[in-house]
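Architecture at a glance
The lines below spell out each chain.
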Amino acid sequence: MFENLSEKLQRAFKNLRGQGTMTEENIQEALREIRVALLEADVNLNVVKDLIDHIREKAIGQEVMTALSPTEQVIKIVHDELVTLLGKDTARFQFASRPPTVILMAGLQGSGKTTTSGKLAAWLQKGGHRPMLVSVDVYRPAAREQLRVVAQSIKANIYQGDTKGEPAGTPLVERLAKEARREAVITGCDTLIVDTAGRLHIDSDLMDEMAKLKALLSPQEILFVADAMTGQDAVRSAEEFHRRLALTGIVLTKMDGDARGGAALSIRHVTGQPVKFIGMGEKPDAFEPFHPDRIVGRILGHGDIMSLMERA
Amino acid sequence: SRTRESLGERIEGVIALTREVDEAALEDLEMSLIASDIGVTTAAEIIERLRDRGKRQGIRNGAELKDLLREHLKQILDEQQRPVAKVAAPPEVIMMVGVNGTGKTTTSGKLAAWYRAQAKTVLMCAADTFRAAAIEQLEVWGERSGVEIVRTKQGGDPSAVLFDALQAAKSRHNDVLIVDTAGRLHTKNSLMAELDKMRRTTQRIIPDAPHEVLLVMDATTGQNGLQQARLFTESAGVTGIVLTKLDGTAKGGIAIAIARELKLPVRFVGVGEKIEDILPFDSGAFVDSLLGN
Ligand SMILES: Nc1nc2c(ncn2[C@@H]2O[C@H](COP(=O)(O)OP(=O)(O)OP(=O)(O)O)[C@@H](O)[C@H]2O)c(=O)[nH]1
Ligand SMILES: Nc1nc2c(ncn2[C@@H]2O[C@H](COP(=O)(O)OP(=O)(O)OP(=O)(O)O)[C@@H](O)[C@H]2O)c(=O)[nH]1
Ligand SMILES: [Mg+2]
Ligand SMILES: [Mg+2]
């Protein structure tokens, strides 16, 4: 399939062997290849521009080492730059000093919020917590039923509530959220996971609803659930969700496919918030803490990185 | 200040004739293509052709260049438009396929209403027996569109429920059968083989079916969309694309890369979550929105 980045860089550097210094001119082609690789991995255009500027700055003036080829040296710079952007710190979870800790799930339609709510509950249960789930998606057909089935499959507590006779809308959403929190307190659940309806960042009514939910619940975590297959538009939606809600973290779903996942860089760049978890499948246990190294390797083409990092 | 303005205009006019401005305009266009998810390679190729044509046709400014690009993109999409396969005898079988969460179930419901509005009789098959409450979700769409559903229990065999639906549609002389399938990633071989099996089940009962296999793709999809189209075409015999969620800010440029590389037409677009939010594909409107007109 695609030629990987190191092969491309080897071509770009055929004239820069052994000793020497990297200069504006002799890394020009390499930077072009890096740019293309990042764009092909769906990193946003403007984010790529910033990254390339940083990489150029770091590379120019560097002595070409003997231990590493110029290609390896540049890949290491790129790798380090991407890892820095993604943040080295592994995910940590904010728990409330007075339970229940409230986790609000947010995101576009179909990104994986409901599935991830279940995964998160299962993960918390494994860690000795007692989570409670609630769906305030009163809009999409069978959305609340979906969470009920998920909760049942992992034997998690769920607050169902009564929606009969009340029209779908923000008042109902707020009522369900309030009742669920009360229920969590009464039943001794230490975390409340609130699954919300998918919404577009440009839908002002539904974004207002999200802001109201935040005001009502004062959540410790507001997680933006994003599909790993997202392209250039990731920055727009993430930026707007962050502007309205002040997100605390990102979950990148559907990472079990072959998407490069460059959207992770874009979203991290515009929100400044860490990717905390990745979704690796449809089942409740297909859920992992995020490791920046792995996704960077993926963005740059598998295999490139690991062997190199061991030698460098 | 009047003189200065006109001088400025004149200078602009002169600069517009130079190559430099054309190159800047070309680069702007290339960036807007990349920003629409058309992909770097496809964007570069399109711009290369534009540069050639622009030179030959003596293009003078950015606006003319943009017109030329619009025409070119429209042509890429229009070339793939072709009539839907002929239906020897009803029902026409339409299978919805795609990766997880793109809008297959919602589009099934919208399409059911769309065909009903053309006075056709429609049946739906809930062949997503895997995802939690997928069947209940399609049932709501059945109620909304006034269309009956053939279903089984969660965890049931999708080919078996499909078999039942095909028999039912045949014996009831329905015009259209819409089959909602479970979302699956194109990299999962066993799940892709299941689609192939469903297609063979269909052919056994109705030899020229499925008449349409629609790959439902989210307009926010990036470069992975090409691989989705490639592998779903191999396993499921995709005949067309439905591009959903075009009511957001994503432009769906990947559809152009797919049209060029895989020769697949876009059939419908989804523009919302309501039953009427579906439109037959209009290449002109699509390209205009892509170029920000
Ligand atoms: N392969 C894979 N599929 C996933 C993953 N996470 C979610 N899904 C699937 O993606 C689809 C959408 O997931 P949902 O959890 O319903 O998404 P949602 O964001 O709640 O959707 P709406 O509520 O409609 O906005 C379902 O088919 C899930 O099974 C993942 O990590 N990998
Ligand atoms: N804004 C918008 N949302 C849409 C559109 N089409 C579908 N959706 C939403 O996208 C989400 C996923 O839609 P589904 O129809 O459940 O997707 P699916 O492909 O059947 O999902 P799986 O069966 O889980 O793979 C739902 O929240 C839908 O309401 C559209 O055109 N615009
Ligand atoms: Mg949901
Ligand atoms: Mg579905």
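Residues numbered from 1 in each chain as written. Chains lettered and ligands numbered in written order. Predicted model: local features only at pLDDT ≥ 70, side-chain atom pairs only at ≥ 80, totals over all residues. Heavy atoms only, no water.

1. Notes on the overall build of chain B
The helix and strand inventory of chain B stands at 11 helices and eight strands. With the principal axes as the frame, chain B shows a C-alpha extent of 80 × 35 × 35 Å. Split into buried and exposed, the 293 residues of chain B put 56% on the buried side. At a minimum sequence separation of 6, the contacts of chain B that also span at least 24 residues come to 76%. For chain B, the computed accessible surface area is about 12600 Å², with 51% contributed by carbon and sulfur atoms. A distance of 3 Å separates the average location of the 38 positive side-chain charges in chain B from that of its 41 negative side-chain charges. (Helix = DSSP H or I, 4+ residues; strand = E, 2+ residues; numbered from the N terminus. Buried < 20%, exposed > 50% of the residue type's maximum accessible area, 1.4 Å probe, protein only. Contact = heavy atoms within 4.5 Å. Areas by Shrake-Rupley, 256 points an atom, 1.4 Å probe, with all protein chains shown as cover. Lys, Arg positive; Asp, Glu negative; His and termini not counted. Charge placed at Lys NZ, Arg CZ, Asp CG, Glu CD.)

2. With respect to the packing of aromatic side chains
Counted under the stated rule, the structure contains six aromatic pairs over all chains. Consider the rings of W114 of chain B and Y115 of chain B, whose centres lie 5.2 Å apart with planes at 85°: the pair is edge-to-face. Both rings, one in W114 of chain B and one in F268 of chain B, keep their centres 5.0 Å apart while their planes meet at 85°; by these two values the pair is edge-to-face. In this pair, W114 of chain B is assigned in helix α5 (residues 104-116) and F268 of chain B in strand β7 (residues 266-270), connecting sequence segments 154 residues apart. Site record: aromatic cluster; members linked through ring pairs are W123, F277 and F287 of chain A. Between R144 of chain B and the ring centre of W141 of chain B, over which it is positioned, the NZ or CZ distance is 4.7 Å. (Phe/Tyr/Trp six-rings, centres within 6.5 Å; stacked < 30°, edge-to-face > 60°. Lys NZ or Arg CZ within 6 Å of the ring centre and 35° of its normal.)

3. Here's the deal with empty space enclosed by the protein
Following the criterion strictly, the structure yields three cavities of 30 Å³ or more and no others. Counted as a void, the largest cavity has a volume near 260 Å³. Looking at the largest cavity, it is lined by 29 residues, and the ones nearest its centre are L108, D227 and T230 of chain A together with D218 and T220 of chain B. Put simply, the parts of the chain that give the lining of the largest cavity at least two residues each are β5 (221-227) and α9 (234-245) of chain A. Take the lining of the largest cavity: its biggest share by element is four residues, from β5 of chain A. (1 Å grid on protein atoms, 1.4 Å probe; cavity = no way out; pocket = protein on both sides within 12 Å on 5 of 7 lines; lining within 4 Å. Points joined across faces, edges and corners; volume = space filled by probe spheres on them.)

4. Regarding the site of ligand 1
As a matter of local geometry, ligand 1 sits amid 24 residues, with G112, K113, T114, T115 and E282 of chain A nearest to it. With respect to ligand 1, the chains having nearby residues are chains A and B. In the model, an oxygen atom of ligand 1 is placed 3.2 Å from a nitrogen or oxygen of the G281 of chain A main chain. In isolation ligand 1 has 650 Å² of accessible area, and contact with the protein removes 96% of it. (Near = heavy atom within 4 Å. Polar contact = N/O pair within 3.5 Å; in protein donor to acceptor, adjacent residues only side chain to side chain.)

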